[in-house]
Amino acid sequence: MTDYSVEDGVLGGSTTVTAVPAAQFRSLMSTFPTGVAIVTAADLDGRTWGMTCSSVCSVAVEPPTLLVCLREGSPTLAAMLRRSTFAVNLLHARARATADLFASGAPHRFDLVRWSCDPQAAGPHLADDAHAIADCRISGTVRVGDHTVVFGEAYRITHPVAADRSPLLYGLRTYSSWPVR
Ligand SMILES: Cc1cc2nc3c(=O)[nH]c(=O)nc-3n(C[C@H](O)[C@H](O)[C@H](O)COP(=O)(O)O)c2cc1C
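Calculation notes
Residues numbered from 1 in each chain as written. Predicted model: local features only at pLDDT ≥ 70, side-chain atom pairs only at ≥ 80, totals over all residues. Heavy atoms only, no water. Buried < 20%, exposed > 50% of the residue type's maximum accessible area, 1.4 Å probe, protein only. Helix = DSSP H or I, 4+ residues; strand = E, 2+ residues; numbered from the N terminus. Arc of directions from axis to C-beta. Contact = heavy atoms within 4.5 Å. Near = heavy atom within 4 Å. Polar contact = N/O pair within 3.5 Å; in protein donor to acceptor, adjacent residues only side chain to side chain. Areas by Shrake-Rupley, 256 points an atom, 1.4 Å probe, with all protein chains shown as cover. Nonpolar A, V, L, I, M, F, W, Y, C, P; charged D, E, K, R; others polar.

Caption draft 1: Seen up close, helix H2 (residues 75–83). Turning to H2, its buried residues number three or more, namely Thr76, Leu77, Ala79 and Met80. End-on view of H2: buried residues confined to an arc of 165°, all on one side of the axis. Those residues of H2 that are buried lie in contact with strand S5 (37–42), strand S6 (48–53), strand S8 (65–71), strand S9 (85–91), strand S10 (130–144) and strand S11 (147–158). At the exit of H2 stands Ser84, carrying a positive phi of roughly 60°.

As structure tokens, then:
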């Protein structure tokens, strides 16, 4: 794993730069709306893990690669790394409660939703809450400060028969949605 850290640096050979405060950075990124996903993994003994994640980004088309950024210490991250696979459940507009549940740290979050995990799945599928699901195998990781960037190569994409096909969005510290025409 590459270990990457941001340190004070020198700009243009003369000006010393210092990282902005965390609150200012959070405020900046809150003005950049994203979709909302629940990233899931199954442990070696079949135990399920998952967390709400908005840091999902397309990386490359060939090979089909996306990235997710998960906090260090996350049990979901640990399970993903153990199995080298994870599933990305892209949530629809009526899945706000599930997004909150999987951001809450609740230990029994999978007892409160319908999920499935067939033998080819990279992690649990949340068919009631997702409009699309990507099964991925991990192709790389990079540690950046207090998070780890995980690169995943998608090997299967499924579209559950969801109640709502509008993607759930998160920005300005609130949920929204983008209607599908
Ligand atoms: C809309 C939303 C997006 C989030 N995105 C991320 C993210 O991209 N990465 C991350 O580490 N935590 C993110 N979180 C916080 C995690 O969901 C939260 O810390 C969760 O409890 C972690 O689960 P874990 O205990 O299995 O690690 C987000 C929370 C919300 C509400």
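Still more to cover.
Caption draft 2: Summary view of the site of the ligand. In the vicinity of the ligand, 19 residues are found, and the nearest of them are Thr52, Ser55, Cys69, Ser74 and Thr76. Within the backbone of Cys69, an N or O atom sits 2.8 Å from a nitrogen atom of the ligand. Protein coverage of the free-state accessible area of the ligand, which is 650 Å², stands at 81%. Mapped onto the shell around the ligand, the elements with two or more residues apiece are S6, S8 and H2. A total of four residues in the shell around the ligand trace back to one element, the largest contributor, which is S6. Residues belonging to the shell around the ligand are distributed by class as follows: nine nonpolar, eight polar and two charged.

Bear in mind that shape data such as this cannot, by itself, settle questions of function.
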